[in-house]
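A structural walkthrough
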Amino acid sequence: MKVFIATSFDNKYTKNSKKKIYATDFDFYKKNFSKNKIIKNDWENSQLLQKDFIKLNKVIKKLENIFSNQLSKLHKNTETSIFKKITHVWLIHYVHSYYFKWKIIDKLLKQEKKILFTEFDLDTSKVNTIDTKEYLLNLRSSDYHNYIGYLKILKHFKNNGNTNILFSKKKVKTVSKKKNNLSSKNKFLFLLLVSIEKIFLNFKKVFFLESQNKFFFLGINKFFNQVPFKSNNLFNWNKFKKLQINKKTNTKNYLEKNTHFKNVKIDEFEKFLIKNFNEEIPTCYTTDFENLRNYVNKIDIKPKIILTFFGHVYNELFKLWIMLKKRKKNLYIIEHGGHHQKIRTIGDYEFEFGKKFVSWIKYDNRNTVSLPVINYYKKNYNLEKNKNFLIYLPIQKHKYISRINHGPQSNFQNYSLNNIEIFKKSLSREIFKNFLYASKQEIDSNQKYYLNKLINKRNILKPLQFRNILSTCKLVICSYPQTAFVDSIMQKPTILVYRKNLWPNRSEFKNVYNLLKKNKIIFEDAKKASIHVNKIWKDPLIWWMNTEVKSARELFLKKFNLINDEEKIIRNWTTFLKSEINIKNL
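To start, this report covers the structure provided alongside it. (Residues numbered from 1 in each chain as written. Predicted model: local features only at pLDDT ≥ 70, side-chain atom pairs only at ≥ 80, totals over all residues. Heavy atoms only, no water.)

As for the pairing of strand E12 (residues 475-478)
Residues Leu475 and Ile477 line one face of E12 and the alternating positions Val476 and Cys478 line the opposite face, and both faces are buried. Examined bridge by bridge, strand E10 (residues 390-393) and E12 share four bridges and lie parallel to one another. What sits directly across from Ile391, in E12, is Val476. Of the strand pairs in this sheet, E12 and strand E13 (residues 494-497) are connected by three bridges, and their pairing is parallel. Looking at E13, one finds that Val476 is bridged to Thr494. Handedness of the E12-helix H19 (residues 483-491)-E13 crossover: right-handed. (Buried < 20%, exposed > 50% of the residue type's maximum accessible area, 1.4 Å probe, protein only. Helix = DSSP H or I, 4+ residues; strand = E, 2+ residues; numbered from the N terminus. Pairing = 2+ DSSP bridges. Right-handed = clockwise from strand over helix to strand, strands pointing away.)

Right, here's the structure in full:
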């Protein structure tokens, strides 16, 4: 009989290592997992990944109707449509992450006659979170949160008559993390600043939730004769939740147990998600919702145009304000990066939440308009200014699956990290000595253990530190074809080393990618990329400014509506915003 190991949490307390079978390769770099001891991950196949993405979109739509109706009943006088919109991103994480676990257990039960799982004496209702962002972070890295998820599914199968699941009960102490509340003094200061900001914002025609480019922010404010005042508190969800959120555990049933689903076909997985809803739904939509609503109802600013990039996605205050105050008709969501793959991680949410989605590339969507990219507005890039170091931009592979996304779905597939061994062997000693590892987020302990064996600790940069030194480096190696690749190619000689099958692009990028590969800007083999880097290292600009290479990268950048004419950028944007305001005034 095999002992099923779901996470590092139960692995720590479970003996009989020879009989273990693992859900994923979560401790791959520390434990050197053998692949035959890990349950096959279907999402390593990009075609199956896309197929499940489409399937789960239908599940999300179905559950969205059920859950929003129940939350509407709980919070009287609140429209169902409001809950559909504000809970949508959470529901994506909830459905995707649990479906991954569901498939793993389903495969396990089909391949093993009997399995043993360690059940700790824990209160599974205490995994409730405050908001969607906290829920996401727990899915990505919390051993405890993910262990509870697998335990719930196994119990569901067991309760439905599966006699092949056995539980070994153990007691263990878990320490809850204390959450810091704002002091009374800070609370007073916060509310005072909010009151002051409301006064200033009452005079704004165009309101920025967050600013992606300070020069663009100043330019738009100047054009509309506005004080370039930036709000740091009014919609500051991180401060608000420390100030207002009720910390009691979530014990009430928000989904009625006797709910009947007439004319709705529900499969076993969906039944599980519905049953589990009460324990998983973040408290900002349940016990703490009244706090949010009372605060939002006092925000009476009425800008003609509201601009946001990515800041809205996990900002529960802002989303509720948009929906309660019916500001959707004023909201314009600006694409924050150079996404051009087939799967959009949060589905059609960005297309549907506001009036229009301002994209980098052209989409066949009536709510979408393509305008010049503003991320690089008034930014000067000096190609001649460089230091003798190479920046490596890895794709961030998290410990556990939190949602469907392109890129590596396991540590076995994590070419971004695994390629470093190849770079160390294939790059010249001088180059690798100046090889800087620059991640977007904190590196988990499992990956850091592996990195420290390959790279000098001082060569591992702090998260996002690369943005400050990108303009001064000699060469960039990027490992994923998204915003960081576009950022780099705009500023410095850059190559992309990736696995094509993990990043299926939109069809209109096929020809330009072939051209980039032909001109040695794109590689699928780290060894071949290293040979190229060794060859051009003395002066990468000779290669970078070659006529054919320059033509290839310019053709790539044109796909994103990237233009160098600063006057044209601001003119196109102000013309668009002015026309939208005029339409609203009719």
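Notes on the nonpolar core
The biggest cluster of nonpolar side chains holds 166 residues, and the ones touching the most others in it are Phe4, Val95 and Phe556. Element by element, the count of residues in this core is highest for helix H5 (residues 88-111), at 14 residues. Here Val95 is in contact with Leu56, Val59, Ile60, Leu63, Phe269 and Leu273, once residues within four sequence places are set aside. By size, the runner-up hydrophobic cluster in this structure holds 21 residues, among which are Phe224, Ile374, Ile569 and Leu577. (Core = buried A, V, L, I, M, F, W, Y, C linked by side-chain atoms within 4.5 Å. Contact = heavy atoms within 4.5 Å.)

Comments concerning unusual backbone geometry
Positive phi, normally seen in glycine, also occurs at Asn225, with a value near 55°. Topologically, Asn225 is positioned in the loop between helix H9 (214-223) and helix H10 (237-244). For Asn225, a relative accessible area of 72% translates into the label exposed. Despite not being glycine, Asn561 shows a phi value in the positive range, around 60°. Examined against the element boundaries, Asn561 turns out to sit in the loop between helix H23 (547-558) and helix H24 (566-585). Using a relative accessible area of 21% as the deciding quantity, one classes Asn561 as partly exposed.

What to know about the sheet that holds strand E1 (residues 2-5)
Strand order in the open sheet made by the four strands is E2-E1-E3-E4, with parallel pairing throughout. In this open sheet, the two edge strands, each paired with only one partner strand, are strand E2 (20-22) and strand E4 (165-170). Within this sheet the neighbouring strands show an average axis-to-axis angle of 40°, counted without direction. Two elements, E1 and strand E3 (residues 115-120), share two bridges in a ladder whose sense is parallel. Residue Val3 lies in a different strand from E3, and its bridge partner there is Leu116. Packed on one face of the sheet, H5 meets E1, E2, E3 and E4 and runs near 175° to E1. The strands touched by helix H7 (residues 143-159) within the sheet are E1, E3 and E4, with E3 carrying the most contacts at an inclination of about 120°. (Axes fitted to C-alpha atoms, helices over the stretch in contact; angles between N-to-C directions.)

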